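# Geometric and topological summary
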Amino acid sequence: MALQEFVEELDSLSASAHQALTSATNEEQLEEFRVEFLGAKNGRLKSAQKLMGSVGKEDKPAAGQKLNETKKLILGAFDDAKARLLSIEADVLDPTFDPTLPGKKYRLGRIHPITQTIEELKDIMGRLGFSIAEGPEIEDDWHNFEALNIPGEHPARDPLDNFYLSVAEKSGVSDAGVGQPTLMRSQTSTVQIRVMENNPPPIRVISLGRVYRPDTADATHYPMFHQMEGLMLDVDVTMADLKTVLRLFATNYLGEDVTIRIRPSFFPFTEPSVEADYFWNGKWVEFGGAGMVDPNVLQSVGYDPETISGFAFGLGVERLCMRRHSITDIRALFTNETRFLHQF
Ligand code: FA5
């Protein structure tokens with residue numbers, strides 16, 4: 001027999017073996033296959049092996065190789081089919097398996113709307129060249145008040161307006177802060193001080209995080225909320241730069257060209273101080289507080305107010321998020337009702 005003929009014979013054997021295996025749906029058919037193809041005496045594979053005798057001597061090595069490959073293919077396919085049928089049978093035989101029951105629906109979680117807002121704010125401010133600064137939520141008197149030009153007798157320090165913690169005790173390493181009250185920070189302006197203490201100008205940072213005030217929860221207030229603080233310092237930074245940054249920010253966040261206005265206000269750490277509003281959907285909406293960093297603050301961190309100037313602003317993150325999504329009660333953001341959260 002010519003080698004070519006032998007190869008064709010084996011190819012057709014392996015094709016019909018594959019066909020038989022793919023159409024086998026139960027164990028009996030698999031057993032029939034085993035007898036027909038793999039039977040030790042009269043199996044079709046055995047018969048093909050016998051044909052080897054009629055192949056010319058010089059073609060024997062190639063024919064032997066082809067025979068081995070075909071054997072491997074058929075045995076492999078047989079094992080696969082067996083495994084497939086066994087796993088189907090295991091399912092079908094399991095008395096607790098009811099194929100008519102509806103499947104389990106897995107509900108994907110969502111990113112909380114506040115986190116979504118924070119990510120978006122970071123992204124917008126990042127594009128305006130502001131990097132991110134971090135600070136602790138438990139603050140000392142210096143960073144929350146003193147360095148921010150809020151002296152000892154100032155009403156902003158009132159225990160009714162702040163969550164005071166214990167008085168700092170001696171840690172054994174240094175006396176810094178010993179006897180000083182600590183508190184949950186009431187504003188992210190504390191981070192301004194930390195950034196300025198550790199970096200020379202120019203500075204362009206935002207700080208985003210939780211702040212705490214003993215406000216009674218109502219539709220627009222919560223005792224824990226988030227603020228975004230912005231700080232830019234350099235030579236010749238002016239109020240015009242502040243207005244530009246706030247307008248660019250509002251326009252980017254709300255997706256359309258937004259008019260903003262500033263009104264005189266008071267914050268101990270800025271001079272002059274303003275409240276900023278933006279005009280949106282036919283109404284003036286409060287944005288947050290801002291102003292030019294007070295020279296006393298610049299001095300407290302060792303900057304020279306004669307050469308360096310800058311602005312700071314602080315916005316309520318929940319209020320921005322609520323405005324964007326028409327959420328009418330801030331408390332909905334903290335009850336974690338999944339039907340509410342799934343809308344965002
Ligand atoms: C401040 O906290 C200043 N640190 C902002 C600032 C920074 C001024 C830098 C100048 C320079 P104010 O207390 O107004 O300002 O709070 C800022 C924003 O936080 C408010 O506009 C409001 O959106 C939000 N906010 C205040 N209290 C609450 C509260 N209880 N719940 C939710 N949001 C609040």
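Residues numbered from 1 in each chain as written. Predicted model: local features only at pLDDT ≥ 70, side-chain atom pairs only at ≥ 80, totals over all residues. Heavy atoms only, no water.

## Looking at the overall build of the protein
When you go through the protein residue by residue, the secondary structure sums to eleven helices and ten strands. A compact globule built from 344 residues should have a C-alpha radius of gyration of about 20 Å, whereas the protein, at 38 Å, is more than 25% larger. Dimensions of the protein, computed from C-alpha atoms along their principal axes, come out at roughly 110 × 55 × 50 Å. Burial statistics for the protein: of 344 residues in total, 38% are counted as buried. (Helix = DSSP H or I, 4+ residues; strand = E, 2+ residues; numbered from the N terminus. Rg over C-alpha atoms; globule rule 2.2 N^0.38 Å. Buried < 20%, exposed > 50% of the residue type's maximum accessible area, 1.4 Å probe, protein only.)

## Considerations on the site of the ligand
Around the ligand, the surrounding shell holds 24 residues, and the nearest of these are Gln187, Ser189, Arg213, Asp215 and Gln227. One of the side-chain N or O atoms of serine 189 is found 3.0 Å from a nitrogen atom in the ligand. A distance of 2.8 Å separates an oxygen atom of the ligand from a polar side-chain atom of arginine 213. Relative to its unbound accessible surface of 680 Å², the ligand loses 92% to contact with the protein. (Near = heavy atom within 4 Å. Polar contact = N/O pair within 3.5 Å; in protein donor to acceptor, adjacent residues only side chain to side chain. Areas by Shrake-Rupley, 256 points an atom, 1.4 Å probe, with all protein chains shown as cover.)

## Description of the pairing of strand E6 (residues 224-234)
Among the eleven residues of E6, ten are classified as buried, and the element is accordingly described as predominantly covered. In the sheet, strand E5 (residues 203-212) pairs with E6 via ten bridges, with the strands oriented antiparallel. Each bridged residue has a counterpart across the sheet, and for arginine 204 the counterpart in E6 is methionine 232. Here eight bridges tie E6 to strand E10 (residues 309-316), and the two strands are oriented antiparallel to one another. If you follow leucine 231 over to E10, its bridge partner there is alanine 312. (Pairing = 2+ DSSP bridges.)

## Structural notes on the domain arrangement of the protein
Structurally, the protein comprises domain 1 (3-92) and domain 2 (113-341). Centre-to-centre separation of domain 1 and domain 2, based on C-alpha positions: 76 Å. (Domains from an automatic or database assignment.)

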